[in-house]
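Secondary and tertiary structure notes
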Amino acid sequence: MRLRILMTADTSVDVWTFAMELATTVAQNGSQVDLALLGDPATPAQRTEADAVPRLHLHEGGYPLEVETDQAGEWLMDLERRLSPDIVHLNGYVHGALPWRAPVVMTGHACALSWWEAVHGPPLPATLDPYADEVRRGLRAAHVVAVPTRAMRDSVLRLYGERVSVRVIPNGRTIAEPPVIPKRHRVLFVGDLRDPSKNAAAMDRVAARLSWPVVVAGETRSRNGEPIRFKNARALGRMDRASLARAYAGAAIFALPALYEPFGYGALEAALSGCALVLGDIPTLREIWGEDACYVPPRDDQALLQTLRWLIEDRHVRRDYARRAKARAVEFTPERTAASYRDAYRMALAEPSGMLGAQA
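Starting from 1, residues in each chain are numbered consecutively following that chain's sequence as written. Local features are withheld for residues below a pLDDT of 70 in this predicted model, meaning they are given only at 70 or higher, and side-chain atom pairs are given and counted only at 80 or more; totals for whole chains, interfaces and linings count all residues. Side-chain metrics in this entry use all non-hydrogen atoms of the structure; hydrogen atoms and water are not considered.

Attention shifts here to the overall build of the protein. Of regular secondary structure, the protein possesses 13 helices and 13 strands. The globule rule puts the C-alpha radius of gyration for 360 residues at 21 Å, and the 20 Å found for the protein is close to it. Overall, the protein is about 60 × 45 × 40 Å in size when its C-alpha atoms are taken along their principal axes. Burial classes: relative accessible area under 20% of the type maximum marks a residue as buried, over 50% as exposed, and values in between as partly exposed (1.4 Å probe, protein chains only). Put simply, the protein has 360 residues, and 54% of those count as buried. Between two residues, a contact is recorded if the distance between any of their heavy atoms is within 4.5 Å. Pairs at least 24 apart in sequence give 67% of the contacts found in the protein among residues at least 6 apart. Reported accessibility uses the Shrake-Rupley method at a 1.4 Å probe radius. Residues are deemed covered only where the shown protein chains occlude them. Approximately 15,900 Å² of the protein is accessible, and the part contributed by carbon and sulfur atoms is 50%. Charge assignment: positive for Lys and Arg, negative for Asp and Glu; neither His nor the chain ends contribute. Just so you know, the charge point we use is NZ for Lys, CZ for Arg, CG for Asp and CD for Glu. Here the protein holds 44 positive side-chain charges and 43 negative ones, and the gap between their average locations is 5 Å. Secondary structure elements are taken from DSSP: a helix is a run of H or I of four residues or more, a strand is a run of E of two residues or more, and numbering for both begins at the N terminus. Radius of gyration here uses only the C-alpha atoms, and the compact-globule reference equals 2.2 Å multiplied by the residue count raised to the power 0.38.

The following block contains the structure:
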């Protein structure tokens, strides 16, 4: 099935990675993807990555994320009129309610309500009500809605209403063969250092009490330009793909004591690179990794410290967890993800006048 797909995306790591993996895989079957970029402009490295994908065309709008501005909507509508896609694939919610001509497949990667609950706890502030209303309208207008885990599906249904039907399609990832370098005695954290839900602060707090160094990779300036500083961990800064691949390959342990992580490409890339995983004990990460990772309550520094010390001190256990994580990680392939999305596209095309998502 060869299609022309108009896909929205942004430059955040997870959404960009998802879009690149899916576009690359569907292009192998002859489909074309027009990637409509919202939010921050693509970095030079991202433009180079996009240029390398056959039949992918990048369109940059520069409009805010998850805000139904008239200008963003007009831009997307104009793209659809000019490109005449067979499918519109939205990697966000609020634009689902636009008057699209083509059927809409929507992927939910995260949401502000579930993030707030994970980081701050209930109740939700009234300031999020307009966002929630926009998301509900977008979800109900889409023909097929997909999310990467059952836990996230349950969260979407609880927060936005049972009228929405959601499919579960796990993400997939492939990486180049990891660099052949020795595993070093270090603990690696990779994530958005500006996002408190990733819990980099916990890694900094325990770093001084570990015999191995803790290194953290990610943007080291806040959104208002202020530097993000660490007292005990060593910040590597934002890294390109090649540097990040070396960081994964050279680390024996990957730690992400996240309060909120709808899927987690960082853990997947770390596992494919031979790292043992220490993860926040939250439903999404439990669902993905089962018994093949170590879990800690995200707000329990002592549990994080004890688990890291256990893996540091017992190389046999550490290597066993690394082996098991890698064996599980190879099951999450872009080909499996793309096959499920091709089914979703077929469903949307078969009856474009109604919602077709089926619970998984």
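Moving on from the coordinates now.
This next bit is on the packing of aromatic side chains. The pairing test for Phe, Tyr and Trp rings, Trp by its six-membered ring, is centres within 6.5 Å, and the orientation test on the planes gives stacked under 30 degrees, edge-to-face over 60, and tilted for anything in between. Throughout the structure, instances matching the rule amount to eight aromatic pairs. Aromatic side chains Y63 and W75 sit 5.8 Å apart centroid to centroid with 45° between the ring planes, which places their arrangement in the tilted category. Of this pair, Y63 sits in the loop between β3 (56-60) and α3 (70-83) while W75 sits in helix α3; the two residues are 12 residues apart in sequence, bridging distant segments of the chain. Residue classification places W75 among the buried positions, given a relative accessible area of 15%. Between W289 and F332, the aromatic rings sit 6.4 Å apart at their centres with planes inclined by 45°, giving tilted as the arrangement. One end of the pair, W289, is in helix α10 (residues 283-289); the other, F332, is in the loop between α12 (315-329) and α13 (334-350), and 43 residues separate them in sequence. Residue W289 shares its accessibility class with F332, and that shared class is buried. Chaining the aromatic ring pairs together yields one cluster made of F263, Y265, W289 and F332. Think of it as a cone above the ring: NZ of Lys or CZ of Arg counts as a charge over the ring if it is within 6 Å of the ring centre and within 35 degrees of the ring normal. Taking NZ or CZ as reference, R324 lies 4.6 Å from the ring centre of Y321, over its face.

In the sections that follow, a salt bridge refers to a side-chain nitrogen of Lys or Arg positioned within 4 Å of a carboxyl oxygen of Asp or Glu. As enumerated under the stated definition, the model contains 22 salt bridges in all. For R324, the salt bridge identified is with D292, shortest N-O distance 3.3 Å. Placement of R324 in helix α12 and of D292 in the loop between α10 and β13 (294-296) is noted, with a sequence separation of 32 residues between them. For D292, a relative accessible area of 14% gives the class buried.

It is at 10 Å that the axes of helix α5 (residues 129-141) and helix α6 (residues 150-160) come closest, and there the two elements cross at 115°. One way to sum up the angle between α5 and α6 is to call them roughly perpendicular. As for how α5 packs across α6, the hand of that crossing is left-handed. Between α5 and α6, the contacting residues are Y131, A132, V135, R136, L139 and R140 on the first element and V156, L159 and Y160 on the second. Gly is put with the polar residues, along with every residue not named as nonpolar or charged; the nonpolar set is Ala, Val, Leu, Ile, Met, Phe, Trp, Tyr, Cys and Pro, and the charged set is Asp, Glu, Lys and Arg. Split into classes, the residues belonging to the contact of α5 with α6 amount to seven nonpolar, no polar and two charged. Every axis in this analysis is a line fitted to C-alpha atoms, fitted for helices over the stretch in contact. Angles between the N-to-C directions lie between 0 and 180 degrees. For classification purposes, angles smaller than 35 degrees are called roughly parallel, those larger than 145 roughly antiparallel, those between 65 and 115 roughly perpendicular, and all remaining angles oblique. Take the far helix as your reference; a near helix turned counterclockwise from it by less than a right angle gives a left-handed crossing, and one turned clockwise gives a right-handed crossing.

Here we have seven strands laid out as an open sheet, ordered β3-β2-β1-β4-β5-β6-β7, and parallel in their pairing. Both edges of this open sheet fall to β3 and β7 (166-168), since each of them pairs with a single strand only. Looking at each pair of strands side by side, their axes are set apart by 25° on average, direction ignored. Note on pairing: two strands pair once DSSP finds at least 2 bridges between them.

Moving on to the sheet that holds strand β12 (residues 276-280). Pairing is parallel in the open sheet, where six strands are placed in the order β10-β9-β8-β11-β12-β13. The strands lining the two open edges of the sheet, one partner per strand, are β10 (234-237) and β13. Looking at each pair of strands side by side, their axes are set apart by 25° on average, direction ignored. Relative to strand β11 (residues 251-256), strand β8 (residues 184-190) runs parallel, the two sharing three bridges. Note that in β11 the partner of L188 across the bridge is F254. Helix α11 (residues 301-313) contacts β8, β11, β12 and β13 of the sheet and is inclined by roughly 160° relative to β13.

Everything listed here is a matter of geometry and, on its own, says nothing about what the molecule does.
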